[in-house]
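# Working through the structure, step by step
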Amino acid sequence: MREEVYRMERVTYCEQGVALLENFSMAIWTGEILGLVPANHFGLSALLRLLRQNLPLHYGFVYYKERLVNDWRFPCTGMNRVSTNRVSIIQNQSCLAKDLTVADNIFVLRPGFRKRLMQPGILREQLKPFMEDIGMEIPADAYIEDLSTFERFVVELLKAVVAGNHLVVLEDISTFISAAELEKLSRILRHYAKQGMSFLYVAAHFEEAQQICDRAALMLNGQIIKCFGGAEKPPDPFFLRCTEDFDRHVRERMARQDRTETGPDHIVFRMENLCSGLVENLSFSACKGECLVVQDLDNCMIQELVSVLSGGTRQKSGSIWINGTLSGGLNDRRVGIIQELPVHTMLFPNMSYLDNLCFTLDHRMKGVWGRGKIKKSLRREYAGLLGEDVFDTPIERLTERQKYDLIYTRIFLQDPDIVFCVQPFKSAEVSLRIHIMELLERFLNRGIPVVIMAVNLADSLALADRLLRVGRGGTVQEYCREEFAALPVNTPWLYLYQEGQGDGMNFQTRSRDIPVLRQ
Amino acid sequence: MKRFEYLSIRVMALLAAALCIHLFLIAVLLFLAFMGHAPFWPAILSLVLLLGLLWWFGAMILKPYLHMERTMRLFLDGYTTADLTHLCQTAPTPMVYQMLAHMMKIMDSSELLKLNKRQAQYLALQNQINPHFLYNTLESIRSEALIAGLTGVADMTEALAAFFRYTISKVENLVSVEEELENCQTYFRIQQYRFGSRLDLTIECDPEEREEIYGCRLPKLTMQPILENSIIHGTECKIGTGHLTIHLERSGKRLLIRISDDGVGMDEEVLSRMNERLGRSGQAFASQGSETRGGIALVNVNNRIHLLFGEEYGLHVFSMPGVGTDVEINLPAIANDRELKNKEALK
């Protein structure tokens with residue numbers, strides 16, 4: 001007989017009078033990996049909070065291991081609120097102590113650890129079988145801050161295993177680790193699932209959830225609308241309904257092939273045999289109006305590349321050419337860089353909206369900071385595009401969409417020759433992803449090439465003209481748009497490329513074999 | 001001034017006034033102590049006394065009062081029909097407690113169930129259905145059909161007779177999952193005469209657990225109305241073959257039955273409304289008879305489950321337009337009628 005690890009029965013959960021979860025019903029069985037695909041992020045953080053703690057419910061029941069742990073009629077208060085359910089949540093934001101070792105984090109920082117004297121040798125020995133069990137080799141004495149993102153996830157997972165937690169929630173982790181690492185992680189999850197652990201895997205895309213999970217549940221506006229078995233085909237109407245705009249974008253781009261101007265005369269950006277840190281002999285170029293996606297297969301070079309491009313680090317060897325001249329390093333305004341999660345990293349809350357907007361405009365207009373006239377004129381010009389109210393709103397009070405508008409318009413005003421965008425769709429809900437796509441298209445329509453750097457293809461492919469899959473040692477596999485349909489990965493929107501290929505209307509498939517190894 | 005018609009507001013106002021007076025007295029005592037006209041200890045003692053009283057007031061009066069208010073609000077919103085005297089934990093006065101107890105007695109769940117039953121009997125009477133007359137007539141039609149060599153008509157009549165026999169007799173009983181499934185199959189056979197190969201039904205159950213699951217008890221006519229709903233609202237409007245699935249699963253304490261169709265489905269708004277109606281069973285009882293919107297069968301089955309097994313069990317709907325609808329029935333896994341908590345309801 002199977003056992004339920006966690007069940008939420010018709011849960012309605014409110015915060016400040018707003019129902020964040022409404023009639024939310026979900027059950028996770030022992031040894032099951034349940035995928036959760038939120039079409040929007042409404043209620044998702046509330047759900048994670050409820051998994052962590054038995055917060056007072058407006059209505060509904062929560063069961064952990066078939067025992068009622070949260071009842072709307074008798075809300076838990078005070079100390080009881082701390083969940084007795086043994087649930088671990090693994091997110092991008094680590095819950096590990098960075099200054100402690102792997103073994104300390106796994107064994108010492110766990111409830112019930114009573115020893116007063118640590119014996120690193122014993123801890124090392126204790127960790128060994130766990131590592132062997134999953135075929136990983138993370139040194140027990142390594143400090144957390146020295147680990148890669150993937151290794152950190154594995155340590156968090158082991159911490160949950162050692163603590164005896166029966167349910168582990170993994171939130172949107174595919175945007176932080178590479179495809180190869182994801183495959184490895186999937187094997188580890190399967191291994192522990194066989195031993196009776198259960199997982200709730202929050203994924204941005206249905207395909208990804210289906211690849212890893214036994215079942216996938218679709219969440220919309222704080223309620224689960226449908227569950228699908230692992231073998232069931234992704235429901236087309238789902239895409240049509242929730243991602244109609246996305247489909248439209250991809251189809252439009254497939255039909256419009258004239259924007260990219262290829263050929264040696266149109267090359268705007270060229271990187272030649274660049275070596276820096278883990279980046280080895282990397283060469284690629286981008287043409288006018290081209291959208292190039294650079295996928296970091298091993299999740300090890302994006303930060304290094306960004307650092308070199310922004311002039312923060314000097315490359316060991318190789319060169320970067322922009323419009324025929326060498327890149328000027330620090331403060332070279334010809335390169336526009338949009339960082340990962342830009343709303344957290346590229347805005348200055350202490351500055352006004354207009355100052356944030358003009359931040360990289362100094363090279364175009366002298367004295368932009370001193371002359372209010374320029375700013376006033378900018379405000380008039382961009383009020384139609386950004387809205388009049390935003391200029392008087394403090395940065396913290398802007399909506400996520402308005403923040404993205406501000407950042408992308410800032411780079412647009414900078415008028416760079418090329419834009420590098422690090423994981424632009426990361427942690428963004430469907431409607432926001434569509435908007436980001438539109439913002440990136442603004443650059444492309446102006447003829448500015450956009451280079452999207454990502455570890456996971458996800459939505460990036462929808463906009464791409466060309467894809468470079470870069471591995472360790474500088475190996476590059478190049479795919480043109482016509483070849484996307486044959487990509488050896490299960491990526492969203494692939495069916496559209498396959499449709500396009502089947503139709504034979506929009507483009508013709510090249511006859512040469514893929515992948516093409518350039519290095 | 002209308003606010004003062006409530007006793008709670010008057011008590012609050014009185015307590016606020018008492019608090020102000022007490023604070024004023026403490027201030028006077030402290031002033032006198034600072035001026036050297038009186039010792040400090042009366043002021044400190046008053047302050048400690050006040051803090052103690054405030055703590056006691058918060059823990060013993062305010063907290064239970066707020067809990068009671070919240071429970072009553074949810075009761076009024078239709079979220080629950082459970083015993084208010086039990087849920088509120090405390091009552092303002094003994095008379096109010098007795099009144100609540102009396103009110104709950106009036107709307108006792110078993111009484112409600114009996115009322116439901118009486119309504120069903122009344123409807124049967126209204127439709128002039130005499131079960132024996134109906135079975136006999138159907139049997140006659142069947143024999144005539146067999147004599148005439150119309151095996152199709154004979155089979156259909158047999159299925160119809162079996163369906164009526166099950167449906168009309170002893171509606172209040174608990175039955176086994178196996179019996180309920182048999183009735184579903186009979187009903188499906190009848191529908192197949194209409195839809196032909198456009199409709200197919202699959203019953204999924206782990207073979208190792210089949211015996212255990214099939215022996216579980218559930219209220220009669222729990223699955224068939226939902227299956228009927230799936231056919232009529234789900235697959236009938238669909239172009240092409242409709243696939244219906246009954247999936248049975250058992251955990252330690254629960255029996256889970258999922259009836260799925262790949263029909264037209266419903267949009268998020270309708271789904272939300274449907275689940276809200278299923279969640280607020282209290283509202284359904286309050287508006288009995290006046291309800292005219294769709295999904296009556298689901299609400300009815302859900303109400304019966306709530307009354308028999310408690311609010312923890314019931315129905316939940318999952319659906320997507322163009323993909324289909326799943327109705328999940330959540331029941332306690334009981335193998336014997338004696339395990340039922342609300343046995344009164346079956347008498």
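Residues numbered from 1 in each chain as written. Chains lettered and ligands numbered in written order. Predicted model: local features only at pLDDT ≥ 70, side-chain atom pairs only at ≥ 80, totals over all residues.

This part is about the overall build of chain B. The number of helices and strands found in chain B is 13 helices and seven strands. Within chain B, buried positions represent 29% of all 347 residues. Partitioning the intrachain contacts of chain B with sequence separation of at least 6 by distance along the chain shows that 66% fall at a separation of at least 24. (Helix = DSSP H or I, 4+ residues; strand = E, 2+ residues; numbered from the N terminus. Buried ≥ 20, exposed ≤ 12 C-beta atoms within 10 Å, placed from the backbone. Contact = placed C-beta atoms within 7 Å.)

Now for the overall build of chain A. On a plain count of helices and strands, chain A comes out with 15 helices and 21 strands. Evaluated residue by residue, chain A yields a buried proportion of 44% over its 519 residues. Intrachain contacts of chain A at a sequence separation of at least 6 include 73% that bridge at least 24 residues.

Right, let's get into the confidence of the model for chain A. With 85% of its residues at a pLDDT of 70 or more, chain A shows a mean pLDDT of 81. Here strand S21 (residues 516-517) of chain A stands out as the least confident element of chain A, with mean pLDDT 31; strand S8 (residues 198-202) of chain A is the most confident, with 94. (pLDDT = per-residue confidence, 0-100.)

For the rest of this paragraph, the subject is the interface of chain A and chain B. With 24 residues of chain A in contact, the opposing surface of chain B contributes 23 residues. Breaking the side of chain A that touches chain B down by element, the ones donating at least two residues are strand S1 (4-15), strand S2 (18-29), strand S4 (59-64), strand S10 (223-229) and helix H7 (236-242) of chain A. Taken together, the residues of the side of chain A that touches chain B break down into 10 nonpolar, four polar and 10 charged. (Nonpolar A, V, L, I, M, F, W, Y, C, P; charged D, E, K, R; others polar.)

A separate point is helix H4 (residues 149-163) of chain A. Residues and elements named next belong to chain A. The first and last C-alpha atoms of H4 sit 21 Å apart over 15 residues, in line with the 21 Å expected at 1.5 Å per residue. For H4, the secondary structure elements touched by its buried residues are strand S6 (87-90), helix H2 (102-108), helix H3 (120-134), strand S7 (167-171) and helix H5 (179-194). Gly164 sits one or two residues past H4 and shows a positive phi near 75°. (Expected span 1.5 Å × (residues − 1).)

Here we come to the sheet that holds S10(A). Residues and elements named next belong to chain A. On the basis of which strands lie adjacent, the open sheet formed by six strands has the order S6-S7-S8-S3-S9-S10 and mixed pairing. Across the chains shown, the open sheet's two edge strands, defined by having one partner strand only, are S6 and S10. Across the sheet, the axes of successive neighbouring strands diverge by a mean angle of 20°, strand direction being ignored. Where helix H1 (residues 44-52) meets the sheet, its contacts fall on strand S3 (33-38), S6 and S7, and the angle it forms with S6 comes to roughly 145°. Strands S6 and S7 of the sheet are contacted by H4, whose axis makes an angle of about 175° with S6. (Pairing = 2+ DSSP bridges. Axes fitted to C-alpha atoms, helices over the stretch in contact; angles between N-to-C directions.)

For the rest of this paragraph, the subject is the sheet that holds strand S14 (residues 317-322) of chain A. Residue and element names in this part refer to chain A. Ordered by their spatial adjacency, four strands build an open sheet running S12-S11-S14-S15, and the pairing between neighbours is antiparallel. At either margin of the open sheet sits one strand with a lone partner, and together these are strand S12 (279-287) and strand S15 (325-326). Here two bridges tie S14 to S15, and the two strands are oriented antiparallel to one another. When the bridges of S15 are listed, Ile322 appears paired with Thr325.

For the rest of this paragraph, the subject is the domain arrangement of chain A. Put simply, an interface is often sized by how much accessible area is lost when its parts join up. All names here are of chain A. If you check the domain split of chain A, you get domain 1 (4-243), domain 2 (245-334 + 416-517) and domain 3 (352-414). With nine residues of domain 2 at the contact, the number on the domain 3 side is nine residues. If you tally residues by element for the side of domain 2 that touches domain 3, the top one is helix H14 (residues 430-445), at six residues. Split into classes, the residues belonging to the side of domain 2 that touches domain 3 amount to six nonpolar, one polar and two charged. (Domains from an automatic or database assignment.)

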